[in-house]
Amino acid sequence: QVQLVESGGGLVQAGGSLRLSCAASGRTLNMYAMGWFRQAPGKEREFVATINASGSSTDYADSVRGRFTISKDNAKNTLYLQMNNLKPEDTAVHYCAVRRGLGNGPSAFGSWGQGTQVTISS
């Protein structure tokens, strides 16, 4: 079983940047494809980005492509999400998770972390 803990969220003005981290324990991340999701008040949890086990392949939601970068450091057993040019609509609790199946919906992922709040002011 892998345990995940997100960190790095905070309050940032529009146009600013944040880097989120997802620290894994229990198993090494080099065996797992991973994903980032976010959930705003009153909305469903939505896909943000995913990365394969080796870190060689990534995919992004259209809303963040070109602004966010997902990466993993398997030596540190940590997943990252670099978020640039942040917008107020990026405000949400952000979660990391392990891929368990096909597709990019939340049902394809598991071992969810506790989440970290990202708030973007205008």
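Placed above this text is the structure.
Note that this is a predicted model, so its numbers are computed, not measured.

S.K.: Outline the overall build of the protein chain, supporting the account with residue identities and numerical values.
M.R.: Across its full length, the protein chain holds zero helices and eleven strands. For 122 residues, the compact-globule estimate of 2.2 N^0.38 gives 14 Å, and the C-alpha radius of gyration of the protein chain, at 13 Å, lies within 12% of that figure. A principal-axis box enclosing the C-alpha atoms of the protein chain has dimensions of 40 × 25 × 25 Å. Out of the 122 residues in the protein chain, the part that is buried amounts to 44%. Sequence-distant contacts, at least 24 apart, represent 54% of the contacts inside the protein chain between residues at least 6 apart. Element-wise, carbon and sulfur atoms account for 48% of the exposed surface of the protein chain, whose accessible area totals about 6,000 Å². Here the protein chain contributes 12 positive and 8 negative side-chain charges, whose respective centroids are spaced 6 Å apart.

S.K.: Account for unusual backbone geometry, naming residues and giving values.
M.R.: One non-glycine residue, Asn85, adopts positive backbone phi at about 50°. Counting through the fold element by element, Asn85 comes out in the loop between strand E8 (78-83) and strand E9 (92-99). The phi angle at Ser111 is positive, at roughly 55°, despite the residue not being glycine. With respect to the secondary-structure elements, Ser111 resides in the loop between strand E10 (109-110) and strand E11 (116-121).

S.K.: Outline the state of the cysteines, listing residues and values.
M.R.: With the rule as written, the count across this model stands at one disulfide. Residue Cys22 pairs covalently with Cys96 via a disulfide, S to S 2.0 Å. Disulfide Cys22 to Cys96: torsion about the S-S bond roughly 70°, handedness right-handed. One end of the pair, Cys22, is in strand E3 (residues 18-25); the other, Cys96, is in strand E9, and 74 residues separate them in sequence.

S.K.: Break down the side chain of Arg38 for me, with residues and values.
M.R.: Mapped onto the fold, Arg38 is located in strand E4 (residues 34-39). With a relative accessible area of 6%, Arg38 lands in the buried category. Here Glu46 takes part through its side chain, which lies 2.7 Å from a polar atom of the side chain of Arg38. If we ignore the near neighbours within four places in the chain, the residues touching Arg38 are Glu44, Arg45, Glu46, Val48, Ser63, Val64, Phe68, Glu89, Asp90, Ala92, Val93 and His94.

What counts as what
Residues numbered from 1 in each chain as written. Predicted model: local features only at pLDDT ≥ 70, side-chain atom pairs only at ≥ 80, totals over all residues. Heavy atoms only, no water. Helix = DSSP H or I, 4+ residues; strand = E, 2+ residues; numbered from the N terminus. Rg over C-alpha atoms; globule rule 2.2 N^0.38 Å. Buried < 20%, exposed > 50% of the residue type's maximum accessible area, 1.4 Å probe, protein only. Contact = heavy atoms within 4.5 Å. Areas by Shrake-Rupley, 256 points an atom, 1.4 Å probe, with all protein chains shown as cover. Lys, Arg positive; Asp, Glu negative; His and termini not counted. Charge placed at Lys NZ, Arg CZ, Asp CG, Glu CD. Disulfide = S-S within 2.5 Å. Polar contact = N/O pair within 3.5 Å; in protein donor to acceptor, adjacent residues only side chain to side chain.

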